[in-house]
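A structural walkthrough
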Amino acid sequence: MLLNWTVMILYNYFSAMFVGPGYVPLGWTPEKSQDCMYLQYCKVCQSYKAPRSHHCRKCNRCVMKMDHHCPWINNCCGYQNHASFTLFLLLAPLGCIHASFIFVMTMYTQLYNRVSFGWSSVKIDMSAAKRDPRPIIPFGLSAFAASLFALGLALGTTIAVGMLFIIQMKVILTNKTSIESWIEEKAKDRIQYYQTGETFIFPYDTGSKWKNFKQVFTWSGIPEGDGLDWPVRDGCHQYSLTIEQLKQKADKRVRSVRYRAIEDYSGVCCPVTKGVKTFFTTPCTEEPRIALSKGDLILATRGLKHWMYGEKILDSAADGGIRERGWFPRKCVEKCQYDSETDQPVDGEKKNR
C-alpha cells in the first residue's frame, strides 16, 4: 500500500511539473478580428490574452486557464495539469494518513510492554521489552524520536495539503480558478461601488457540478477543449469574462492615486532603514518590490498600513513599454495634489464615472 501511494503521488507530482499548464501560442489572435476589442493585449508575449488566460511573471508566458503559480512544482497550475495537481493534493494526504496510522500503531505496540504506571510517575524502559525479549525490529529511544517526528510531519502535511485540496475542489466544482474567483469578487465590488445595477454572471459555470468536474477530470487524462475556446452558459458569450476584466482595468485606473517618491528605496523585501513597523509588516506575497528614486511618480492601486502597491510611471519611449509594478514602503512617498491618473481632482469625480 505504501508503495502504491508513493508511485501515484510521484506520478501526479511529476506530471503536474513536466506536462505544464499549457501556454497561449505566441502571436495568438482571435479568428475574428473584431473580437480583439474584447481582449487584453500582452506586450511580453506579443499576442492577445485568450479567454481565461493570464500572464505569469515567473513563467514569462500567458498561461491557459491559469489558477496560480506553484513554487513546489516550479510551474503554473492551469489548463493541462490542473487534474494532475489536484490528484497530487488528494493522494498526498491519503498517503500521510496511512503512514500516520502505521506510526501510531508502531509506537503503541512497542511502548505497550515498556510503560509501567505507578501511583506518582510513569516509567518508560526503552532498553528491552518485558514480555517479548526478542523484538523483530529493535525499538530504542532514537527510533521512538524518529517515529514521533515523522508522525508530526505526516499530520502536518495532511492538514496543510488537505486544505489546499479542499480549496481546489471548490473552484473546480464551480468551473472557476482561484484568479477567476477573485475577478468575480472584484466585479461585485465594482458594481456596488458605482451603483450601476448590473448583474455579473460567471459565464463558464455550467450549473452542474458533475459537468464542471468532467471538464477537468477525464479518463484519458486530457482535459476537454483546447484551452482557448470554452463552452459558456445561456445568457453569456465567449468574452463575458474578458469584458469584465477590461471594465475592472479601467476602474483601477480611475481609482488609482498618484504619489511622488520623497525617499530612495532599494527594493529589498524587508528594509531595515524604513522603520521597525515597515520591516516587520512586509507583505507576505511573491509579488515583487519596486525600487524608487526621489522624485519618481507612482500610481498606487492598493495598500496596507505601512506598504503600498502600484506601478511606476515611466517614459514609454525610453523604457520600451516595460511596466514596473510592485510593493513599496508608504513612508517613502507622498500624495500628489491630484491623485487620479488623469490628473483630475477626486471629489465628486470618481463616483460619477
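Not measured: the values here are computed from a predicted model.

With that out of the way, let us pick up helix 6 (residues 240-255). Taking 1.5 Å of rise per residue, the 16 residues of helix 6 would be expected to cover 22 Å, and the 23 Å separating its terminal C-alpha atoms lies within 8% of that figure. Along helix 6, the positions that sit buried rather than exposed are S240, L241, T242, E244, Q245, Q248, D251 and V254. Contacts from the buried residues of helix 6 go to strand 3 (54-56) and helix 4 (178-194).

Within the secondary structure, M64 is located in the loop between strand 4 (61-63) and strand 5 (68-70). Considered as a pair, M64 and R52 are 12 residues apart in the sequence and their alpha carbons are 6.4 Å apart. Sequence-distant contacts of M64, that is, excluding residues within four places in its chain, are made with P21, G22, Y23, V24, R52, S53, G78, Y79, D226, G227 and L228.

Further remarks concern the sheet that holds strand 10 (residues 297-303). The strand order 12-11-10-9-13 describes an open sheet built from 5 strands, whose pairing is antiparallel. Of all the strands in the sheet, the pair left with one neighbour each is strand 12 (324-329) and strand 13 (333-335). Direction aside, the axes of adjacent strands within the sheet are offset by 45° on average. For strand 9 (residues 257-261) and strand 13, the ladder comprises 3 bridges, and the chain directions are antiparallel. Of the residues in strand 13, the one forming a bridge with R260 is E334.

Here we take up the pairing of strand 11 (residues 307-312). Burial within strand 11 is extensive, with 5 of its 6 residues counted as buried. Two elements, strand 10 and strand 11, share 5 bridges in a ladder whose sense is antiparallel. Its bridge partner being in strand 11, A300 is matched across the sheet by G310. The antiparallel pairing of strand 10 with strand 11 creates a hairpin that spans 3 residues between the two strands. Pairing between strand 11 and strand 12: 6 bridges, direction antiparallel. Pairing of K312 across the sheet is with E324, part of strand 12.

A cluster of nonpolar side chains, namely L2, F101, I102, V104, M105 and Y108, defines an oily patch on the protein surface of about 560 Å² accessible area. The element best represented in the nonpolar patch is helix 2 (residues 82-112), accounting for 5 residues. Tracing the backbone shows I102 in helix 2.

The next point concerns the UniProt feature "transmembrane region" (unreviewed entry) in the protein chain. Under the UniProt annotation, the feature "transmembrane region" (unreviewed entry) is placed at residues 6-24, 87-108 and 136-167. The distance separating the terminal C-alpha atoms of residues 6-24 is 33 Å; by composition the span is 74% helix and 0% strand. Annotated as residues 87-108, this span is 100% helix and 0% strand, and its ends, taken at the C-alpha atoms, are 32 Å apart.

Here we take up the layout of surface pockets. The computed volume of the second largest pocket comes to approximately 420 Å³. Lining the second largest pocket are 18 residues, with L87, F217, T218, W219 and G221 positioned closest to its centre. Of all the secondary structure elements, the ones that give two or more residues to the lining of the second largest pocket are helix 1 (2-19), helix 2 and helix 5 (209-216). Class assignment for the residues of the lining of the second largest pocket results in 9 nonpolar, 7 polar and 2 charged.

Here we come to the pattern of salt bridges. All told, the structure shown has 11 salt bridges when counted by the stated rule. R255 is the salt-bridge partner of D251, the closest N and O atoms lying 3.1 Å from each other. On the criterion of helical spacing, the pair formed by D251 and R255 is a turn pair, its members being 4 residues apart in helix 6. With relative accessibility at 11%, the residue D251 sits in the buried group. Taking the relative accessible area as the measure of exposure, R255 reaches 26% and is therefore partly exposed. Linking E324 and K312 is a salt bridge whose minimum nitrogen-to-oxygen distance equals 3.3 Å. With a gap of 12 residues between them, E324 in strand 12 and K312 in strand 11 connect regions that are remote in the sequence. According to the relative accessible area criterion, E324 is partly exposed, its value standing at 32%. Among the charged side chains, a salt-bridge network with shared partners connects R190, E198, E244 and K247.

Quick notes on the rules
- Residues numbered from 1 in each chain as written.
- Predicted model: local features only at pLDDT ≥ 70, side-chain atom pairs only at ≥ 80, totals over all residues.
- Heavy atoms only, no water.
- Helix = DSSP H or I, 4+ residues; strand = E, 2+ residues; numbered from the N terminus.
- Expected span 1.5 Å × (residues − 1).
- Buried < 20%, exposed > 50% of the residue type's maximum accessible area, 1.4 Å probe, protein only.
- Contact = heavy atoms within 4.5 Å.
- Pairing = 2+ DSSP bridges.
- Axes fitted to C-alpha atoms, helices over the stretch in contact; angles between N-to-C directions.
- Patch = residues over 30% accessible without salt bridge, like charges linked within 9 Å, V, L, I, M, F, W, Y side chains within 5 Å.
- Areas by Shrake-Rupley, 256 points an atom, 1.4 Å probe, with all protein chains shown as cover.
- Salt bridge = Lys/Arg side-chain N within 4 Å of Asp/Glu carboxyl O.
- UniProt positions renumbered as here; feature names shortened; annotations may be inferred.
- 1 Å grid on protein atoms, 1.4 Å probe; cavity = no way out; pocket = protein on both sides within 12 Å on 5 of 7 lines; lining within 4 Å.
- Points joined across faces, edges and corners; volume = space filled by probe spheres on them.
- Nonpolar A, V, L, I, M, F, W, Y, C, P; charged D, E, K, R; others polar.

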